[in-house]
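Each chain, letter by letter, is given below.
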Amino acid sequence: MLAKRIQPMIFHARRLYVELMFQVMGRALQAVSEVDSEVKEEAQVLPEGFLFEMMVMPNGPSMIVEHTGLGRFRYHGDNAPRPVDLSIQFKHIAHAFLVLSFQEKTSVAFANDRMLVDGDVSYAVRMTRVLNRLESFILPKLVAERAVKEYPQNLHLPEKLVSAARIYLKVATNFVETVRP
Amino acid sequence: MTNKYYEFFCPVKVIAGKAALEHMPYELAGLAAKRPMIITDKGVRAAGLLEPVIAACEESGLEIVTIYDDVPPDSSTSVVRDIAGVYRSEKCDSIIAIGGGSAIDTGKAVNILVSEGGDDIAKYSGAGILKHPLKPFFVVPTTAGTGSEVTAVAVITDEAKGVKLPFTSSFLLPNAAVIDPRMTLTLPPHITAATAMDALTHATEAFTCMAKNPLSDAYATAAVKKVSQSLLAVMDNPKDTDGRLELAQASTMAGIAFSNSMVGLVHSLGHATGAVCHLPHGLCMSLYLPYVLEFNLESIREPLGELLLYLEGPEVYATTPASRRAEASISAIRKLRDQLYKRCQLPRTLKETGKVEESQLDHIAEVALDDGSIMFNPREVSLEDARAVLRRAWS
């Protein structure tokens, strides 16, 4: 009985968590593209104006970033200014929660058919590498190892700490700027 | 609770064995198909492979309404449009694709146009666009390797834009795959070898990559066993009908396995090499398989070790210490490649192909890194890793 009453609250909390994580990831993608040369190099191959979306099917939370050129991303919130070029779609909010709470690696989620790719698969592969790089930076190593297929061996603590601090600072600034009227 | 999860789907009726072709009229009639069209290529026709199909149908009073035999090795949107035009003008109601990967993919694409309508196949490109079942569609493979008869994918070149269009939908799967040993009896030795190595690679990657699952494992191991037991026998005696049937079944089983568990780095490198150097797909698979297994070794030690049972049989498996079985599996594959080299000079290294320059390796590595199958490789692959595997495969 109690479980039945609590369940809607759990579902609501899960949805809020996924929405929040998308907001953090979107801003962090923008930040990491300003901080890390490897991410910039990966992103440079994407066409200018390329819109990338991660969303939960059918009309759940979403996150949209645009490649504005020279390897830079801009976070657009959950509103795409035009049809997106590449969409990675979780089949259910439960699957998005598994990935965004680091219970399931992104690569495993793909292998487990938790998500679909709508668009050019080669760009999806590239964006997955960017997301892995981002997660390796901003998550503690123990958590990052649960999120990415292999934690990069060449990412050492000083570089990680400095980059993570810069990314978090930019994310926080972006949050404040967005909230300000 | 475990996080393990998988999906498995294969609704294709497999019609396999002696006189399998003769079952086609009955099976087509069961789908109310009375006016089938054959889609094939000139090589298949020249090899006389259409005659047994036509004879089997006509003997049962089923007329083949028209035959399109001009499918090129890399099928294009205009070819698909032309064939759809013929299908409509001849008032056909079903398709029989006879051939290798290109004819089968063309058949799948034509089926989209004639079922959904229109002339522009490009607008159906992508995943999950199709929402309805298509016209009755049968596939008769004439190579034993691609497994296209049981995959839900087709790739067609858009020559105007210079890009390859992927089509993915379970509705692309044929109603039936007809596996008749007569259709592969005349395959030349080097194609027999390369296509069988393609099937072996499908099965090995299906069994060792990230989306492996209990059902695809069963198909993959059976396919590995069939290739290991029959390939050299068929190379020595190309008219060995039983051996040919074993290889054809192995190809279908490996196709079922990999279409449900995907493939990994061997395919990423193979697709890239095909795009950059225009090497045949099966040959690329044979070239890269042992080197990629070595690269992945520590991530796949257990399943790769298990494959030894199917590659070398129970005696070798039992006498090999568990800790050495993975390496022994790679050695078995190398040994098989050496035997194939001896019998038909199937290249074992990129250098032996004579068609790849060492200077192209970096470009191949870059292209491979963007290939979709790399997502399912058990190990993360960096540009430097891909280059290292290519260097090992060079000579």
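Residues numbered from 1 in each chain as written. Chains lettered and ligands numbered in written order. Predicted model: local features only at pLDDT ≥ 70, side-chain atom pairs only at ≥ 80, totals over all residues. Heavy atoms only, no water.

1. Considering the overall build of chain B
- Broken down by element type, chain B carries 15 helices and 9 strands.
- At 21 Å, chain B has a C-alpha radius of gyration in line with the 21 Å of a compact globule built from 395 residues.
- In terms of principal-axis extent, the alpha carbons of chain B reach across some 60 × 50 × 45 Å.
- Every one of the 395 residues in chain B was classed for burial, and the buried ones make up 56%.
- The long-range share in chain B, meaning contacts at least 24 apart out of those at least 6 apart in sequence, stands at 77%.
- Approximately 15,900 Å² of chain B is accessible, and the part contributed by carbon and sulfur atoms is 53%.
- Averaging the locations of the 37 positively and 47 negatively charged side chains of chain B gives two centres separated by 2 Å. (Helix = DSSP H or I, 4+ residues; strand = E, 2+ residues; numbered from the N terminus. Rg over C-alpha atoms; globule rule 2.2 N^0.38 Å. Buried < 20%, exposed > 50% of the residue type's maximum accessible area, 1.4 Å probe, protein only. Contact = heavy atoms within 4.5 Å. Areas by Shrake-Rupley, 256 points an atom, 1.4 Å probe, with all protein chains shown as cover. Lys, Arg positive; Asp, Glu negative; His and termini not counted. Charge placed at Lys NZ, Arg CZ, Asp CG, Glu CD.)

2. So, the packing of helix α7 (residues 214-236) of chain B against helix α8 (residues 241-261) of chain B
All names here are of chain B.
- Here α7 crosses α8 at 150°, and the two axes come no closer than 8 Å. The angle between α7 and α8 places the two elements in the roughly antiparallel class. Considering the relative orientation of α7 and α8, their crossing is left-handed. Every residue of α8 that contacts α7 at S216, Y219, A220, A222, A223, K226, V227, S230, L231 and V234 is listed here: G243, R244, E246, L247, Q249, A250, M253, A254, I256, A257, N260 and S261.
- A per-class count over the contact of α7 with α8 returns 13 nonpolar, 6 polar and 3 charged. (Axes fitted to C-alpha atoms, helices over the stretch in contact; angles between N-to-C directions. Parallel < 35°, antiparallel > 145°, perpendicular 65-115°, else oblique. Left-handed = near helix turned anticlockwise from the far one by under 90°. Nonpolar A, V, L, I, M, F, W, Y, C, P; charged D, E, K, R; others polar.)

3. Observations concerning the sheet that holds strand β3 (residues 66-68) of chain B
Residues and elements named next belong to chain B.
- One open sheet holds the 6 strands; their spatial order is β1-β9-β6-β4-β2-β3, and the pairing between them is parallel. Since the sheet does not close on itself, it has two edges, and those belong to β1 (13-16) and β3, each with one partner. Adjacent strand axes in the sheet meet at a mean angle of 20° when their direction is disregarded.
- Sheet topology places β1 next to strand β9 (residues 176-179); 4 bridges connect them, and they run parallel. Residue pairing for β9: A16 is matched across the bridge by I179.
- Against the sheet, α8 makes contact with β1 and β9, and its axis sits at roughly 155° relative to β9, the strand it touches most. (Pairing = 2+ DSSP bridges.)

4. A closer look at the domain arrangement of chain B
All names here are of chain B.
- Under the domain assignment, chain B is made up of domain 1 (13-182) and domain 2 (187-394).
- For domain 1 and domain 2, the distance between their C-alpha centres works out to 27 Å.
- Of the residues lining the interface, 14 residues belong to domain 1; the matching set on domain 2 comes to 18 residues.
- Our enumeration of links across domain 1 and domain 2 arrives at 0 salt bridges.
- At the boundary of domain 1 with domain 2, the tally comes to 3 residue pairs in polar contact (both at pLDDT 80 or more). (Domains from an automatic or database assignment. Salt bridge = Lys/Arg side-chain N within 4 Å of Asp/Glu carboxyl O. Polar contact = N/O pair within 3.5 Å; in protein donor to acceptor, adjacent residues only side chain to side chain.)

5. Observations concerning the pairing of strand β2 (residues 62-69) of chain A
All names here are of chain A.
- In terms of burial, β2 is largely enclosed, as 7 of its 8 residues are buried.
- Direction of pairing for strand β1 (residues 50-56) relative to β2: antiparallel, over a ladder of 6 bridges. Counted as the bridge partner of M54 is M63 from β2.
- Once β1 ends, the chain turns through 5 residues before running back antiparallel as β2.
- As judged from the 4 bridges shared by β2 and strand β3 (residues 72-75), these two strands associate in the antiparallel manner. Paired with H67 across the bridge in β3 is F73.
- Hairpin geometry of β2 and β3 is characterised by an intervening segment of 2 residues between the two adjacent antiparallel strands and by a positive phi of about 55° at L70.

6. A word on the sheet that holds β3 of chain A
All names here are of chain A.
- The 5 strands lie next to each other as β3-β2-β1-β4-β5, forming an open sheet whose pairing is mixed. Each end of this open sheet is capped by a strand with a single partner; those strands are β3 and β5 (115-118). Each strand of the sheet is rotated relative to its neighbour by a mean of 20°, with strand direction disregarded.

7. Topic: the environment of M253 of chain B
All names here are of chain B.
- In this fold, M253 is placed in helix α8.
- C-alpha separation for the pair M253 and C209, spaced 44 residues apart in sequence, amounts to 17 Å.
- Each residue touching M253, except ones within four places of it in the same chain, is listed here: Y219, A222, A223 and K226.

8. Overview of the interface of chain B and chain A
- Contacts between the two partners involve 17 residues from chain B and, on the opposite side, 21 residues from chain A.
- Taken together, both faces of the contact between chain B and chain A bury some 1,700 Å²; the carbon and sulfur share is 49%.
- Inspection of the chain B/chain A interface yields 4 salt bridges.
- At the boundary of chain B with chain A, the tally comes to 10 residue pairs in polar contact (both at pLDDT 80 or more).
- Looking at side-chain class alone, the side of chain B that touches chain A contains 9 nonpolar, 3 polar and 5 charged residues. (Buried area = accessible area lost by both parts, 1.4 Å probe.)

9. Re the nonpolar core
- One finds F52 of chain A together with Y288 of chain B to be the most contacted residues of the largest nonpolar core, which totals 128 residues.
- Among the elements that take part in this core, helix α10 (residues 281-312) of chain B stands out by supplying 15 residues, more than any other.
- Counting contributing residues, this core receives three or more from each of domain 1 (13-182) and domain 2 (187-394) of chain B.
- Other than its neighbours up to four places away in sequence, F52 of chain A contacts M63, I64, V65, L86, I88, M127 and L131 of chain A.
- Grouped together as the second largest cluster of nonpolar side chains are 30 residues, V65, C92, V139 and F167 of chain B included. (Core = buried A, V, L, I, M, F, W, Y, C linked by side-chain atoms within 4.5 Å.)

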